[in-house]
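Structural overview for review
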Amino acid sequence: MYIRLLRNGYEVNVSQDRFIPEIDFVAKKNNEYVYIQVCENLNENNQANEIGNLLKIKDGRKLFISKDYFNKFENDVQMINIIEWLLIEK
C-alpha cells in the first residue's frame, strides 16, 4: 500500500504525533490529505478502534481498507476492499 501511494504521487507518512490519532497512513497530494486505516478484517472487537480514529479527524478524505467485501460510506469514512482500492486508486 505504501509503495502504491508513492507511485501515485503521494507524500506518505505514518501518523504517530499527538495531534493526529494513530492512523496507518497519512498521504498528501496537491495539498489534499488522505487518512488511511488498514485492517485485515473488521469485527465488533476492533471496530471502535479502527474506525474511531478516523472519525476524530476533521479534514481530508478518510479510508478504511480491509479484506472484507464492502464498498460504502459510514460516518464520512469510505470503507473499501483492498482489491477494489488497488483497482481504482490513482
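Quick caveat, the model's predicted, so the values are computed rather than measured. (Residues numbered from 1 in each chain as written. Predicted model: local features only at pLDDT ≥ 70, side-chain atom pairs only at ≥ 80, totals over all residues. Heavy atoms only, no water.)

Within a regular strand, side chains alternate between the sheet's two faces. The buried count for strand β4 (residues 61-66) comes to five of six residues, which makes it a mostly enclosed element. Relative to β4, strand β3 (residues 32-38) runs parallel, the two sharing five bridges. Across the sheet, isoleucine 36 pairs through a bridge with leucine 63, a residue of β4. In the classification by handedness, the crossover that spans β3, the intervening helix α2 (residues 47-55) and the parallel β4 is right-handed. (Buried < 20%, exposed > 50% of the residue type's maximum accessible area, 1.4 Å probe, protein only. Helix = DSSP H or I, 4+ residues; strand = E, 2+ residues; numbered from the N terminus. Pairing = 2+ DSSP bridges. Right-handed = clockwise from strand over helix to strand, strands pointing away.)

Attention now moves to a nonpolar patch on the surface. A surface patch of nonpolar side chains, about 500 Å² in accessible area, is lined by Tyr69, Ile83, Leu87 and Ile88. Looking at the secondary structure, you find leucine 87 in helix α3 (residues 82-88). Accessibility expressed as a relative area gives 64% for leucine 87, which makes it exposed. (Patch = residues over 30% accessible without salt bridge, like charges linked within 9 Å, V, L, I, M, F, W, Y side chains within 5 Å. Areas by Shrake-Rupley, 256 points an atom, 1.4 Å probe, with all protein chains shown as cover. Salt bridge = Lys/Arg side-chain N within 4 Å of Asp/Glu carboxyl O.)

This paragraph deals with the packing of aromatic side chains. Scanning the entire structure with this criterion turns up two aromatic pairs. Arranged with centres 6.0 Å apart and planes meeting at 15°, the rings of tyrosine 33 and tyrosine 35 form a pair that is stacked. Owing to a relative accessible area of 33%, tyrosine 33 belongs among the partly exposed residues under this scheme. For tyrosine 35, a relative accessible area of 5% gives the class buried. Across from the ring centre of tyrosine 10, 5.1 Å away, lies the NZ or CZ of lysine 29, which sits over that ring. (Phe/Tyr/Trp six-rings, centres within 6.5 Å; stacked < 30°, edge-to-face > 60°. Lys NZ or Arg CZ within 6 Å of the ring centre and 35° of its normal.)

This structure, assessed with the given rule, holds two salt bridges. For glutamate 40, the salt bridge goes to lysine 67, with nearest N and O atoms at 3.1 Å. You can see glutamate 40 sitting in the loop between β3 and α2 and its partner lysine 67 sitting in the loop between β4 and β5 (71-74), a full 27 residues away along the chain. Residue classification places lysine 67 among the partly exposed positions, given a relative accessible area of 46%. The salt bridge involving aspartate 76 is made with lysine 62; its shortest N-O contact spans 3.0 Å. Linking aspartate 76 in the loop between β5 and β6 (77-81) with lysine 62 in strand β4, this pair joins segments that are 14 residues apart in sequence. A relative accessible area of 51% places aspartate 76 in the exposed class.

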